[in-house]
Amino acid sequence: MSLKKSVIGAVAVLSTVALAGCGSASDISSSQGASLTRQNFASAVTTATTRAGSVHITGTISAQGQKVALSGDESMSGASIKDVAGAMNLTLPGMGALQVRILSGVIYINVSKLGLPGATGKPWMKVDLTDPSNPLGAVFGKISVMNPSQMMSAFTSIATFTKVGIETVDGVQSTHYTVALDTSKAIGMLGLPQSQSGSLPKTIDYDVWVDGISRPVKIAATNPMVTMEMHFSKWGEPVHVVAPPASQVGEFSF
């Protein structure tokens, strides 16, 4: 796999993970996780994760026969990508381990263990996700899923909502819900063109387990496009992320 593809893949995965834990605060108090409804599910879970402020994440994402494993920590101090700080270890198919950090809207990728040449021979590369002058910055800047409040809006487009019951997941007593999103409604709420809806199933099904104060413990999804399983723990514990030394960082060129 080329260096460019590895960088794009790392950005996509980490951005997805960041959004999973990021949200905008609302005036709705966190509901007890065992009594959420179709009407308050999105708001309650988003508010609970925002109030926690940080989380430890492990999981896998599989698509087109390729599987990415990840593990790391993330803190969220606001609704913007600039307010997300995280450190992730990714295992990419055919490439091995990749260390990634995100801080103040900039993603840093350590390519030294991949046997790939870095920018000017430096072990770290950086991509500014807020910079519209580079392709990644432009793409992510235009996709309104990067706006957490719109992400929450997408999860209000629930086609079906079922409470499965109380289960113990990762040692935590959790309430299991199945949620199907209406993609014809969700795609518009995310600001994506309706032309993309033809390639999507009519609904996307999620299994979500939340703890007693509505924080996710596990989220899983299986559909023709992707299989995902994420585990969340250590809510509210301190997360310290620092940028690599400037002398070890090179700019990624497209």
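Use the structure listed above.
Within each chain, residues carry numbers counting from 1 in the order of the written sequence. With pLDDT at 70 or above as the cut-off, local features in this predicted model cover only qualifying residues; side-chain atom pairs require 80 or more to be listed or tallied, and sums for whole chains, interfaces and linings still use all residues. By convention in this description, side-chain values take in all heavy atoms of the structure and omit both hydrogens and water.

Colleague: Got a sec to walk through the nonpolar core? Specific residues and values, please.
Modeller: Working definition of a nonpolar core: buried Ala, Val, Leu, Ile, Met, Phe, Trp, Tyr and Cys residues. They are joined through side-chain atoms within 4.5 Å. Accessibility here uses a 1.4 Å probe with only protein chains present; expressed as a share of the type maximum, an area under 20% marks a residue as buried, one over 50% as exposed, and anything in between as partly exposed. The biggest cluster of nonpolar side chains holds 40 residues, and the ones touching the most others in it are Phe41 and Tyr206. Residues contacting Phe41, with those up to four places away along its chain left out, are Leu36, Ile158, Phe161, Tyr177, Val179 and Val208. Two residues qualify as a contact provided that any one of their heavy atoms is within 4.5 Å of a heavy atom in the partner residue.

Colleague: Explain the pairing of strand 11 (residues 227–233) residue by residue, including any values.
Modeller: Where strand 1 (residues 54–63) lies against strand 11, seven bridges are found, and the strand directions are antiparallel. Counterpart to Gly59 in the pairing with strand 11 is Met230. Of the strand pairs in this sheet, strand 10 (residues 216–222) and strand 11 are connected by five bridges, and their pairing is antiparallel. Within the sheet, the bridge partner assigned to Ala221 lies in strand 11 and is Met228. Count of turn residues in the strand 10/strand 11 antiparallel hairpin: four residues. The pairing criterion is simple: DSSP has to find at least two bridges between the two strands. The way it works is that DSSP assigns letters per residue, a run of H or I at least four long becomes a helix, a run of E at least two long becomes a strand, and they are numbered from the N terminus.

Colleague: An account of the packing of aromatic side chains is requested, with residue identities and associated values reported.
Modeller: The rule is short: rings of Phe, Tyr and Trp, with Trp giving its six-membered ring, pair when the centres are within 6.5 Å, and they are stacked under 30 degrees, edge-to-face over 60, tilted in between. By the definition in use, this model includes four aromatic pairs. Residues Phe41 and Phe161 carry aromatic rings whose centres are separated by 5.4 Å and whose planes lie at 65° to one another, so their mutual orientation is edge-to-face. Taken as a pair, Phe41 in helix 2 (residues 41–52) and Phe161 in strand 7 (residues 158–169) lie far apart in primary sequence, 120 residues in all. Assessed through its relative accessible area of 5%, Phe41 is described here as buried. Aromatic side chains Phe232 and Trp235 sit 6.2 Å apart centroid to centroid with 20° between the ring planes, which places their arrangement in the stacked category. A relative accessible area of 4% means that Phe232 is categorised as buried. For Trp235, a relative accessible area of 14% puts it in the buried group. Members of the aromatic cluster, connected to one another through ring pairs, are Phe41, Phe161 and Tyr177. Lysine NZ or arginine CZ positioned within 6 Å of the ring centre and within 35 degrees of the ring normal marks a charge as sitting over the ring. Note that Lys218 overlies the ring of Trp209, its terminal NZ or CZ placed 4.7 Å from the centroid.

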